[in-house]
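Per-entry structural report
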Amino acid sequence: MTEDRTETFYRVHSREYFESTRRIDPASFLAPFARILPKGCRILDVGCGSGRDMKWLMEKGFEVCGFERSQELAGLARRHSGCEVVVGDLEVFDFSVFDVRAILLVGSLAHLPPGRLQSAFRRIQKAIRRTPGHIFLSLKKGGGRQIDRRGRIFYLWEEPGIRELLEDEATKLLSCGTNRSDFNPQDQWLSLIVQRETDQV
């Protein structure tokens with residue numbers, strides 16, 4: 001896939017992104033997710049960015065590994081969290097090589113249009129090898145798409161649209177909440193918890 005301005009940002013401005021996100025406390029959206037998971041289970045953080053969420057979950061007693069497209073961010077995340085981070089493209093990677101009980105997708109799919117998001121989501125689910133498994137997904141709330149001052153493209157969602165896209169015979173949307181952005185109070189994010197119901201072993 002040709003690299004666009006969104007992908008270029010995370011490669012070129014990895015240190016800037018790392019410094020701007022690593023100190024944000026993720027408890028407001030991660031704590032509800034952590035409470036429904038088996039104690040100490042293995043979690044895959046796809047698009048782990050600064051490693052902030054991996055560090056938080058590891059400190060809560062979970063076993064966490066990361067996945068990141070940006071080689072530069074992956075290195076920063078490893079050092080910050082102390083967790084393993086695999087480098088790859090989430091749209092083509094074979095996630096069945098993982099064996100986890102839960103998946104974290106904090107903003108990781110926010111840059112993908114509907115068709116690509118659905119395809120990537122189904123691909124990533126293959127990391128869950130036993131069920132019930134759970135997935136946390138956050139996406140920007142709204143309609144259409146948005147381009148920020150750095151040239152990053154975000155696709156915006158409302159609950160009915162994302163529910164229709166994600167749910168099938170193997171997945172069910174358990175909850176959908178709204179959080180305000182720590183960067184821009186005018187931005188709102190949907191926080192969704194999805195249950196994976198079908199065994200893949």
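Remember, it's a predicted structure, so these values are computed and weren't measured experimentally. (Residues numbered from 1 in each chain as written. Predicted model: local features only at pLDDT ≥ 70, side-chain atom pairs only at ≥ 80, totals over all residues. Heavy atoms only, no water.)

1. As for the overall build of the chain
- Helix and strand content of the chain: 7 helices and 9 strands.
- Against the 2.2 N^0.38 benchmark of 17 Å for 201 residues, the chain shows a C-alpha radius of gyration of 16 Å, consistent with a compact globule.
- Taken along its principal axes, the extent of the C-alpha atoms in the chain is 45 × 35 × 35 Å.
- The buried share of the chain, reckoned over its 201 residues, is 52%.
- Taking the contacts inside the chain whose residues are at least 6 apart along the sequence as the reference set, 62% of them involve residues at least 24 apart.
- When the accessible surface of the chain is split by element, carbon and sulfur atoms take 47% of a total near 9,700 Å². (Helix = DSSP H or I, 4+ residues; strand = E, 2+ residues; numbered from the N terminus. Rg over C-alpha atoms; globule rule 2.2 N^0.38 Å. Buried < 20%, exposed > 50% of the residue type's maximum accessible area, 1.4 Å probe, protein only. Contact = heavy atoms within 4.5 Å. Areas by Shrake-Rupley, 256 points an atom, 1.4 Å probe, with all protein chains shown as cover.)

2. So, the packing of aromatic side chains
- The tally for this structure, following the rule as stated, stands at 8 aromatic pairs.
- With a centroid separation of 5.9 Å and 25° between ring planes, the pair formed by Phe29 and Phe136 is classed as stacked. Of the two residues, Phe29 is situated in helix α3 (residues 27–35) and Phe136 in strand β5 (residues 133–140); the sequence distance between them amounts to 107 residues.
- Overall, Phe29 belongs to the buried group, its relative accessible area being 15%. (Phe/Tyr/Trp six-rings, centres within 6.5 Å; stacked < 30°, edge-to-face > 60°.)

3. Here we look at helix α5 (residues 71–81)
- For α5, the set of buried residues is Leu73, Ala74, Gly75, Leu76, Ala77, His80 and Ser81.
- Looking one or two residues beyond α5, the residue adopting positive phi is Gly82, at roughly 80°.

4. Quick look at the pairing of strand β2 (residues 63–68)
- In terms of residue burial, β2 counts as a mostly covered element, since 5 of its 6 residues are buried.
- Sheet analysis places strand β1 (residues 42–46) next to β2, joined by 5 bridges and oriented parallel. Bridge pairing in β2 places Arg42 opposite Glu63.
- Once the chain exits β1 it traverses helix α4 (residues 52–59) before rejoining the sheet at β2, and the crossover so formed is right-handed.
- In this sheet, strand β3 (residues 84–87) lies alongside β2 in parallel orientation, the contact comprising 4 bridges. (Pairing = 2+ DSSP bridges. Right-handed = clockwise from strand over helix to strand, strands pointing away.)

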